[in-house]
Structures are given as C-alpha cells and as structure tokens.
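Summary of the model geometry
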Amino acid sequence: MSISRSICVYCGSRPGVRPTYTESARATGAMLAARGWQLVYGAGDVGLMGEVARTAQSAGGRTFGVIPEHLFPHEVGKRDLSTFVVTETMHERKKVMFMNADAVVVLPGGAGSLDELFEVLTWRQIGLHEKPIFVLNIEGYWTPLLNMIAHIITEGFADASLRDLIVAVDSVAELETALIAALA
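Residues numbered from 1 in each chain as written. Predicted model: local features only at pLDDT ≥ 70, side-chain atom pairs only at ≥ 80, totals over all residues. Heavy atoms only, no water.

1. Some points on helix 7 (residues 172-183)
- Given a rise of 1.5 Å per residue, twelve residues ought to cover 16 Å, and the 16 Å separating the end C-alpha atoms of helix 7 matches this to within 8%.
- Those residues of helix 7 that fall on the buried side of the exposure criterion are Val 172, Leu 175, Ala 178, Leu 179 and Leu 183. Each buried residue of helix 7 sits inside an arc of 115° when the element is viewed along its axis, so together they form one side. Summarising the geometry of helix 7, the exposed residues directed more than 90 degrees from the buried face are Ala 173, Thr 177 and Ala 181. (Helix = DSSP H or I, 4+ residues; strand = E, 2+ residues; numbered from the N terminus. Expected span 1.5 Å × (residues − 1). Buried < 20%, exposed > 50% of the residue type's maximum accessible area, 1.4 Å probe, protein only. Arc of directions from axis to C-beta.)

Below, the structure is given as structure tokens:
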C-alpha cells in the first residue's frame, strides 16, 4: 500500500475512565487505515496508544512508532509495527514523530499529550511549520483546554490567531472530514 499521508496521533498511555475514549481511539485507527493514511505515534501497546495502533493494524493500515528507550518497559513498546524506531530521549521521539507526519491529531491524554500538543502548537505559532493540528474533543474532554487558550488570549498573552491554530472536532467522522480538507 502506498502511503499518501501520515498522521501523528498523540494520546494517552492509559485508557481513561470513559469507554468513549477507547471507542474513539479505535475509530481513529480504523479511519486512518481506511484512508490509506499512516499512523505515526508513540509506539506504545497500552492505553489509547495501543488501541489506535492495534485497530489500524487490524484494518491493514501502516504504523510508524517511535519510543524512547526509558519508556519501553512502561509503555510496552509495540515491536510489530510497519516501522519501529527506538530513540534515546523524549525530545528525539517527538522530533521524529513530528517530522514524519503531515498533520497532528490529539486524542484524550495526560501530561505527555499536553506536552506534545503545546510543543507543536508553539512551533506553529512562531512559524516553524504549517501542519494542521486537531483535537478530538470526545465528550468535551478538551473543552477546559480550549477555554484556557481563550483565557490566555483574553489576558493578553497570545494573539487571537492562536485559537485558529487548533481545530477542535467532536467525533471521528468530523475529524476525517477536517483532515481531508486540510490535506487537500
């Protein structure tokens, strides 16, 4: 299968408390595979990361995983990916993932997902890239973050344009439509 595009997915190494988080991770993996888009992600086989990857693989999709040595035991590095890269550091992991993607999607996750999101958001804000950034706002998971970004703008710590650098979608169907438009 030729790879038309690669989508970097940041998400939790835990499943979260709502079944809809797992369902959306699986639906995202299936959608990427159906579109022929390669999944680029953190190479873990746990939590939402594992759900996205296993579903993409089951649907015949290509998977590109990147994991730092020190997280290999914790995130249970998934060695059976189409491409499997082990890095020395988290910084190297994030760079390899980002450089091998055409767009970024953030599913529910914790501090690591926030770190990854804010790094690519900052890079976009200062003009280092033009890649689209999406948050999958399942059951309003990212609404507090989106409100915080609005607060940052209101308080004068960012231009209003910051809001436009993240596209929030409420379902995997909306994500697919938005990705198609952004990658056209």
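2. Brief notes about the packing of aromatic side chains
- Enumeration over the complete set of coordinates arrives at three aromatic pairs.
- Ring geometry for Tyr 21 and Tyr 141: centres 5.5 Å apart, planes at 75°, overall edge-to-face. In this pair, Tyr 21 sits in helix 1 (residues 19-35) while Tyr 141 sits in the loop between strand 6 (133-136) and helix 6 (143-154), placing the two residues 120 residues apart along the sequence.
- Of the residues examined, Tyr 21 reaches a relative accessible area of 6% and is grouped as buried.
- Relative to Trp 142, the ring of Tyr 141 lies with its centre 4.8 Å away and its plane at 85°, an arrangement referred to as edge-to-face.
- Members of the aromatic cluster, each reached through a chain of ring pairs, are Tyr 21, Tyr 141 and Trp 142. (Phe/Tyr/Trp six-rings, centres within 6.5 Å; stacked < 30°, edge-to-face > 60°.)

3. With respect to unusual backbone geometry
- One non-glycine residue, Ala 43, adopts positive backbone phi at about 65°.
- Relative to the elements of secondary structure, Ala 43 occurs in the loop between strand 2 (37-41) and helix 2 (47-58).
- The exposure class of Ala 43 is buried, given its relative accessible area of 0%.
- A positive phi angle is found at Glu 139, which is not glycine, with a value near 50°.

4. As for the state of the cysteines
- Enumeration over the complete set of coordinates arrives at zero disulfides.
- Cysteine Cys 8 remains unbridged, with the sulfur of Cys 11 as its closest cysteine sulfur at 9.4 Å.
- Residue classification places Cys 8 among the buried positions, given a relative accessible area of 0%.
- Look at Cys 11 and you get buried, because its relative accessible area is 7%. (Disulfide = S-S within 2.5 Å.)

5. Structural notes on the sheet that holds strand 6
- Overall, parallel pairing links the seven strands, which are arranged 4-3-2-1-5-6-7 in an open sheet. Across the chains shown, the open sheet's two edge strands, defined by having one partner strand only, are strand 4 (83-87) and strand 7 (167-169). Neighbour-to-neighbour, the strand axes of the sheet open up by a mean angle of 20°, direction not taken into account.
- Taken together, the three bridges between strand 6 and strand 7 define a ladder with parallel strand orientation. Following the sheet pairing, Leu 136 is matched in strand 7 by Val 169.
- The sheet contacts of helix 1 involve strand 1 (5-10), strand 2 and strand 6, and relative to strand 2 the element is tilted by about 135°.
- Sheet strands touched by helix 2: strand 2 and strand 3 (63-68). Its angle to strand 2, the strand with the most contacts, is close to 155°. (Pairing = 2+ DSSP bridges. Axes fitted to C-alpha atoms, helices over the stretch in contact; angles between N-to-C directions. Contact = heavy atoms within 4.5 Å.)

Don't take any of this as a statement about function, it's just geometry.
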